[in-house]
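The lines below spell out each chain.
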Amino acid sequence: MISTLIADDHLLIREGLKKILSDEEDIEIVYEAENGQQVLDYLSNQPVQVLILDINMPQMSGLDILKYVHKLSPDTRVLILSMYPEDRFAVRALKAGASGYITKASAGDELISAVRKVIDGNRYISPEATEMLVRELSKPTDRLPHETLSEREFQILMLLVKGRNVRGISEDLTLSVNTVNTYRARIFEKMNLKSTQELVRYAYDHKLLE
């Protein structure tokens, strides 16, 4: 049996994923998590073979969680699930150590194939994401400003451009207001921007938002 953990903060998404996998006799869903800490608490006591992990989780982003998963359960294959198209975040996820990346829109068609492919030790990515990854790896020093951010900085960037204020972000991520302000200032410094308005314009220009 392929032991599988589903991590997504939305109950309806978890139910949908379970429904997709329910008819597969060799896939067993052993646990569901709605935040990163639940994922890490479970893996610290019981490893799983496949972790289906939403990239946009509360408290910790999926990519932040991924770093800890590699330490707690190095044999676990992580399949990143995202609402964002592959051309925006697949490369970042794969370079962070994910075994695969699929969008929520394509999960109905791809999830089972993706689970089977990563459990065999392969990566699951689309041809388009493969081309992007090759380009990224061939030009390691030619990076856009947002690509120089840490995972936490990038997570806060995305919340800022979606309209969340500093206090709201501090509540979402369980960080102090001062810490969020520090991250915000660091983002502006690294990206050579001076305001949230400039940050939003940058995000739209570089297709980080719909």
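Residues numbered from 1 in each chain as written. Predicted model: local features only at pLDDT ≥ 70, side-chain atom pairs only at ≥ 80, totals over all residues. Heavy atoms only, no water.

Going by an unreviewed UniProt entry, the protein carries the name DNA-binding response regulator and comes from Leptospira sarikeiensis.

Visitor: Sorry if this is basic, but what is going on with the pairing of strand β1 (residues 2-7) here?
Guide: Consecutive side chains along a regular strand alternate between the two faces of the sheet. Within β1, six of the six residues are buried, which leaves the element mostly enclosed by the surrounding structure. The alternating pattern of β1 places I2, T4 and I6 on one face and S3, L5 and A7 on the opposite face, and all of these are buried. Where β1 meets strand β2 (residues 27-33), six bridges bridge the pair, whose relative direction is parallel. Looking at the pairing, I2 lines up with I27 of β2. Once the chain exits β1 it traverses helix α1 (residues 11-21) before rejoining the sheet at β2, and the crossover so formed is right-handed. Of the strand pairs in this sheet, β1 and strand β3 (residues 50-54) are connected by four bridges, and their pairing is parallel. (Buried < 20%, exposed > 50% of the residue type's maximum accessible area, 1.4 Å probe, protein only. Helix = DSSP H or I, 4+ residues; strand = E, 2+ residues; numbered from the N terminus. Pairing = 2+ DSSP bridges. Right-handed = clockwise from strand over helix to strand, strands pointing away.)

Visitor: When you look at the side chain of E153 in this model, what are you seeing that I'm missing?
Guide: Structurally, the position occupied by E153 is in helix α7 (residues 151-161). Assessed through its relative accessible area of 2%, E153 is described here as buried. A polar side-chain atom of E153 sits 2.9 Å from the main-chain amide nitrogen of S150. When near neighbours in sequence (up to four residues on either side) are disregarded, E153 contacts Y183, R186, I187 and K190. (Polar contact = N/O pair within 3.5 Å; in protein donor to acceptor, adjacent residues only side chain to side chain. Contact = heavy atoms within 4.5 Å.)

Visitor: What should I look at first to understand the sheet that holds β1 in this one?
Guide: Strand pairing in a sheet relies on backbone hydrogen bonds. The paired strands run either parallel or antiparallel. Taken together, the five strands give an open sheet; going across it, the order is β2-β1-β3-β4-β5, and neighbouring strands pair in parallel fashion. Strands at the two margins of the open sheet, each flanked by one partner only, are β2 and β5 (100-103). In this sheet, adjacent strand axes meet at a mean angle of 25° when their direction is disregarded. Most of the contacts of helix α3 (residues 62-72) go to β3, to which it runs at about 155°, and overall it touches β3 and β4 (77-82). Those strands touched by helix α5 (residues 107-119) are β1, β2, β3, β4 and β5, and its axis lies near 160° from that of β4. (Axes fitted to C-alpha atoms, helices over the stretch in contact; angles between N-to-C directions.)

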